[in-house]
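Here is how the chains run, residue by residue.
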Amino acid sequence: SQQGEEDPQALSIQEGENATMNCSYKTSINNLQWYRQNSGRGLVHLILIRSNEREKHSGRLRVTLDTSKKSSSLLITASRAADTASYFCATDATGSQGNLIFGKGTKLSVKP
Amino acid sequence: ETGVTQTPRHLVMGMTNKKSLKCEQHLGHNAMYWYKQSAKKPLELMFVYNFKEQTENNSVPSRFSPECPNSSHLFLHLHTLQPEDSALYLCASSQDPAPGRGYQPQHFGDGTRLSIL
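Residues numbered from 1 in each chain as written. Chains lettered and ligands numbered in written order. Predicted model: local features only at pLDDT ≥ 70, side-chain atom pairs only at ≥ 80, totals over all residues. Heavy atoms only, no water.

Quick notes on the nonpolar core
So, point 1. By size, the foremost hydrophobic cluster in this structure holds 22 residues, and its most contacted members are Trp34, Phe64, Leu76 and Leu78 of chain B.
So, point 2. Only strand 2 (10-13), strand 3 (18-25), strand 4 (31-37), strand 5 (44-50), strand 7 (64-70), strand 8 (73-79), strand 9 (87-94) and strand 11 (112-116) of chain B provide two or more residues apiece to this core.
So, point 3. With sequence-adjacent residues up to four places away left out, Leu78 of chain B is seen in contact with Leu11, Met13, Asn17, Lys18, Lys19, Leu21, Arg63, Phe64 and Leu114 of chain B.
So, point 4. Membership of the second largest hydrophobic core comes to 20 residues, among which are Met21, Leu61, Val63 and Ala85 of chain A. (Core = buried A, V, L, I, M, F, W, Y, C linked by side-chain atoms within 4.5 Å. Buried < 20%, exposed > 50% of the residue type's maximum accessible area, 1.4 Å probe, protein only. Helix = DSSP H or I, 4+ residues; strand = E, 2+ residues; numbered from the N terminus. Contact = heavy atoms within 4.5 Å.)

Structure representation (structure tokens):
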């Protein structure tokens, strides 16, 4: 069954604007990860946030995690055309074998 | 640049053909994965190998047969596929996943785009 679900499904913004994507999940987790996928390519790991963490930064990326609401958000600040890609959250459910369950993704388009 | 290499990048085959997808990782990881990515559907985990042993088969039809001869190589043998099997097949690797540990980012190859005629 689907664990993570991203919102919105698609997002179109202008270069320089911030992009926020959300992820909701259903069960308790060990960690939550965000991945990016450029068209025709594999997924690239962006950032991992553990269940006992609330916020994490990496460059222009900011991830928050609210375990009480079972949700996470990915913020990309000062977006660039090169940020155009699909973004996926993936959760590692507590009690699982450490395997990830991915959502359907948010397709981000950054217009120059 | 990726430490996970998949070949071929594109494959077109008839339903009666037999073909194999290959994945190789150069990252020293000991877990490898096959995923299926179809349009407008979440990434589907197919198989997991940990230290060359299959630890998960996610109810995948028998026309897909995985093989993991060592921790660096993973194959997916295809036989008598159906049109709905057309998809992007992604291979990934990570440090060994273990219950309760969780935090193992996966490294993906660029996939094989499979089209079934």
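Section: the sheet that holds strand 8 of chain B
Residues and elements named next belong to chain B.
So, point 1. Strand order across the open sheet formed by four strands is 1-3-8-7, with antiparallel pairing between neighbours. Lying at the two open borders of the sheet, with one neighbouring strand each, are strand 1 (4-7) and strand 7. Sheet twist, expressed as the mean angle between neighbouring strand axes with direction ignored, is 15 degrees.
So, point 2. Bridge analysis of strand 3 against strand 8 gives seven bridges, and the strand direction is antiparallel. Bridged to Lys22 within strand 8 is Phe75. (Pairing = 2+ DSSP bridges. Axes fitted to C-alpha atoms, helices over the stretch in contact; angles between N-to-C directions.)

Focus: the pairing of strand 6 (residues 53-57) of chain B
Residues and elements named next belong to chain B.
So, point 1. Note: strand 5 against strand 6, four bridges, orientation antiparallel. When the bridges of strand 6 are listed, Asn50 appears paired with Glu53.
So, point 2. Counting the residues between successive antiparallel strands, the hairpin from strand 5 to strand 6 contains two residues, one of them, Phe51, with a positive phi of roughly 55 degrees.

A word on the layout of surface pockets
Over the atoms rolls a probe the size of a water molecule, and its path tells where empty space is left.
Residue and element names in this part refer to chain A.
So, point 1. Estimates place the volume of the largest pocket at around 730 Å³.
So, point 2. When contributions to the lining of the largest pocket are tallied by element, the ones reaching two or more residues are strand 9 (85-93) and strand 11 (106-111).
So, point 3. The element contributing the most residues to the lining of the largest pocket is strand 11, with four residues.
So, point 4. Residues belonging to the lining of the largest pocket are distributed by class as follows: five nonpolar, twelve polar and five charged. (1 Å grid on protein atoms, 1.4 Å probe; cavity = no way out; pocket = protein on both sides within 12 Å on 5 of 7 lines; lining within 4 Å. Points joined across faces, edges and corners; volume = space filled by probe spheres on them. Nonpolar A, V, L, I, M, F, W, Y, C, P; charged D, E, K, R; others polar.)

Description of the environment of Ser86 of chain A
Residues and elements named next belong to chain A.
So, point 1. Structurally, the position occupied by Ser86 is in strand 9.
So, point 2. Judged by its relative accessible area of 18%, Ser86 is buried.
So, point 3. Residues Ser86 and Pro8, spaced 78 residues apart in sequence, show a C-alpha to C-alpha distance of 11 Å.
So, point 4. Ignoring anything within four residues of it in the chain, the contact list for Ser86 reads Tyr35, Arg36, Gln37, Thr106 and Lys107.

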